[in-house]
2 protein chains.
Amino acid sequence: MKFEVTILGSSSATPIFNRNPTAQVLNVNERLYLIDCGEGTQQQMLRFEIKASRIDHIFISHLHGDHYLGLIGLVSSMHLNGRVKPLKLYGPAPLLEIINLQFKYSETVLNYNIEFVATDALQPQIILDNQDVVVETIPLDHRIATTGFLFRQKKRLRKIIKEKAEALNIPVEHFPLLKRGEDYRAPDGKLYRNHELTVDSDQPKCYAYCSDTIYNERYFEQIQNADLLYHEATFLHNMLDRANKTFHTTAWQAGQVALQTGAKNLLIGHFSARYKSLTDLLDEARGVFPSTELAIEGSTFEVGEDLA
Amino acid sequence: MKFEVTILGSSSATPIFNRNPTAQVLNVNERLYLIDCGEGTQQQMLRFEIKASRIDHIFISHLHGDHYLGLIGLVSSMHLNGRVKPLKLYGPAPLLEIINLQFKYSETVLNYNIEFVATDALQPQIILDNQDVVVETIPLDHRIATTGFLFRQKKRLRKIIKEKAEALNIPVEHFPLLKRGEDYRAPDGKLYRNHELTVDSDQPKCYAYCSDTIYNERYFEQIQNADLLYHEATFLHNMLDRANKTFHTTAWQAGQVALQTGAKNLLIGHFSARYKSLTDLLDEARGVFPSTELAIEGSTFEVGEDLA
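What counts, and where the lines are drawn
Residues numbered from 1 in each chain as written. Chains lettered and ligands numbered in written order. Predicted model: local features only at pLDDT ≥ 70, side-chain atom pairs only at ≥ 80, totals over all residues. Heavy atoms only, no water. Buried < 20%, exposed > 50% of the residue type's maximum accessible area, 1.4 Å probe, protein only. Helix = DSSP H or I, 4+ residues; strand = E, 2+ residues; numbered from the N terminus. Arc of directions from axis to C-beta. Contact = heavy atoms within 4.5 Å. Salt bridge = Lys/Arg side-chain N within 4 Å of Asp/Glu carboxyl O. UniProt positions renumbered as here; feature names shortened; annotations may be inferred. Polar contact = N/O pair within 3.5 Å; in protein donor to acceptor, adjacent residues only side chain to side chain. Core = buried A, V, L, I, M, F, W, Y, C linked by side-chain atoms within 4.5 Å. Least-squares fit on C-alpha atoms with pLDDT ≥ 70 in both.

S.K.: Would you explain helix α9 (residues 279–288) of chain B in this entry?
M.R.: Count 3.6 residues to each turn of an α-helix, and residues three or four apart come out pointing the same way. Residues and elements named next belong to chain B. Residues of α9 that are buried include every one of Leu281, Leu282, Ala285 and Val288, and no others. Buried residues along α9 cover an arc of 125 degrees about the axis, so they all sit on one side. Exposed residues on α9 whose side chains face more than 90 degrees from its buried face are Asp280 and Gly287. Where α9 is buried, its residues meet α8 (251–261), β16 (266–269) and β17 (292–294).

S.K.: I'm lost on the pattern of salt bridges in this one. Help?
M.R.: When charged atoms on two side chains of opposite charge get close, those side chains can pair. Tallied over the entire structure, the rule returns 29 salt bridges over all chains. Between Lys154(A) and Asp129(A) there is a salt bridge, with the nearest N and O atoms lying 2.6 Å from each other. Taken as a pair, Lys154(A) in the loop between β9 (147–153) and β10 (159–160) and Asp129(A) in strand β7 (residues 126–129) lie far apart in primary sequence, 25 residues in all. We note a salt bridge from Asp132(B) to Arg31(B), for which the minimum N-O separation is 2.9 Å. Remark: Arg31(B) occurs in strand β3 (residues 31–37) and Asp132(B) occurs in the loop between β7 (126–129) and β8 (133–139); sequence separation between them is 101 residues. Under the relative-accessibility criterion, Asp132(B) is labelled buried at 2%. Among the charged side chains, a salt-bridge network with shared partners connects Lys2(A), Glu4(A), Glu30(A) and Arg54(A).

S.K.: Just checking my understanding: could you explain the UniProt feature "active site" (unreviewed entry) in chain A for this structure?
M.R.: Residue and element names in this part refer to chain A. Here the UniProt-annotated "active site" (unreviewed entry) positions come out as Asp66. The residue Asp66 is located in the loop between β4 (55–59) and α2 (71–80) in this model. Apart from the residues lying within four places of it in its own chain, the contact partners of Asp66 are Ser12, Ala13, Pro21, Thr22, Gly38 and His270. Polar side-chain contacts of Asp66 include one of 3.5 Å to the side chain of His67.

S.K.: Sorry, what's going on with the nonpolar core here?
M.R.: Side chains of a nonpolar character, in soluble globular proteins, are inclined to be buried together. Counting residues in each nonpolar core, the largest one holds 60 residues, and the members touching the most others are Ile58(A), Leu71(A), Ile58(B) and Leu71(B). Residues in contact with Leu71(A), not counting those within four places in the same chain, are Cys37(A), Ile58(A), Ile60(A), Leu89(A), Leu95(A) and Ile99(A).

S.K.: Looking at this model, I keep getting lost on the relation of the copies chain A and chain B. Mind explaining?
M.R.: Two chain copies, one operation linking them: a rotation about an axis together with a shift along it. Each copy of the sequence occupies a distinct position, and chain A is placed on chain B by a rotation of 180 degrees and an axial shift of 0.0 Å, giving an RMSD of 0.1 Å. On the angle and the small slide along the axis, the relation comes out as a two-fold axis. Across chain A, the smallest distance between a C-alpha and the rotation axis is recorded for Gly40(A), namely 2.6 Å. Counting the interface residues of chain A, we find that 100% of their copies in chain B are interface residues as well, pointing to one common contact surface.

Right under this line is the structure:
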């Protein structure tokens, strides 16, 4: 079952050449979820061959431009490219006002519905629960109302051991019951225990997206034991004062978040334009938490994959 | 005296890989003027090494996203990069409302002033008149209020023939008068006619920017004899119905505009994403008006340069 994230943008407020503002695409069982949508996201999707038509859910963390300025363009292009199925959009309430104002003046009437869900930056909410994933907001601590997003894979049904089912001639009508854990009684009356006929599915995994935020333990409990934690790391720790002033995190602190919340792996991103090379940021985070990688454009990480 | 345009984006509504939405930078005597600002313009400026700090005037033709969605990001980056000098912004009145709404929710207070000039799509206006250039709006005919922009270079002062001025020992205080066309009387009483001591400066040139618009003769008189005409050419002429329906121009029609207005040279742009190759569009326009080029990303054209 696929559960992986592809990075479309790694830069903070001002882009630099080859680093775009924040956007990520999460693939859960071949359904795509877009997380943040900085300016140029649709161009990045073209570059990395990610089809906008496969995205049905877009999550916007907050209303700083580097996290959402690509949204109107993307939503317009979806319209111009013939989209009719609805799009679910999750973000701070004023996002809808901003979209509506821009469409008012461009006289755009979309051919599809945007189903908007306003997020609340004060307490965690479950904002999506479908067959593949449960998504919760993570209230973060930034200069304006900001939430991260916690993606918990759903536990899949048990897998039937095909050879055994065939050998016993189990009727296919019984398969859904087997997958749900029921035993099987053969026509001759013999009872087969479920665990003889099926194996457990993979343990569901969890992806935590935390950007933008100052280091603050209040969200630590919620993101405990993430298989993959994405955390912003805008500055090196020698710029802690600047990080505190702007409500951002240092690479050392991002490593600390991963360590203290029991994350299995850490991705860092949202790098300040001042860092032409990212090596120092990576080294600093790895000094605290070795299983760390840079969330750079075009790279894809499987949730749960060992990055150490 | 430099008068040249660099293309940052050539695509119409939906971008395709390697073609960005509309934006152009005009360099007039080393001052930069940005015309339209589609999504990703600031990234294109990084790519083509155009410094945002050198731009003091931005012109927005209309409020379709492919012509202005890069503006908020650019204006924010100017702020974050320490700009303090004012920025003049010209465009439809609601543009200011859109900017203000977005800055309200991002809680952005710029360190510099945006001096906004609302354009009127009903009649031509002179919106800028400085030492280098006069800029007029061109009312176009599109689905929403849209203006093009006509940049007329100012006539420069006459140039002093250095050798003659030195031979006659003309005092430097007299130079400004010579440049303005006055004669010179030497201490011995001899009169030197101005044309003996100076040469005329280059004839001022004119750049006309026409996007987006349906083919409509009402703006032809205003753009007569442009040294360089940029005209949108969204479709091939076999899609004339679509062009009419969407208030766009075909490549054949763009050639006709150049021909009928006596343009010296033509640039076509704003290409529909359906054209992976632009050769047919270029050939079609050249069939009508040979001195035509494609306005593709990264190319620079001197206004008045012969494109034939």
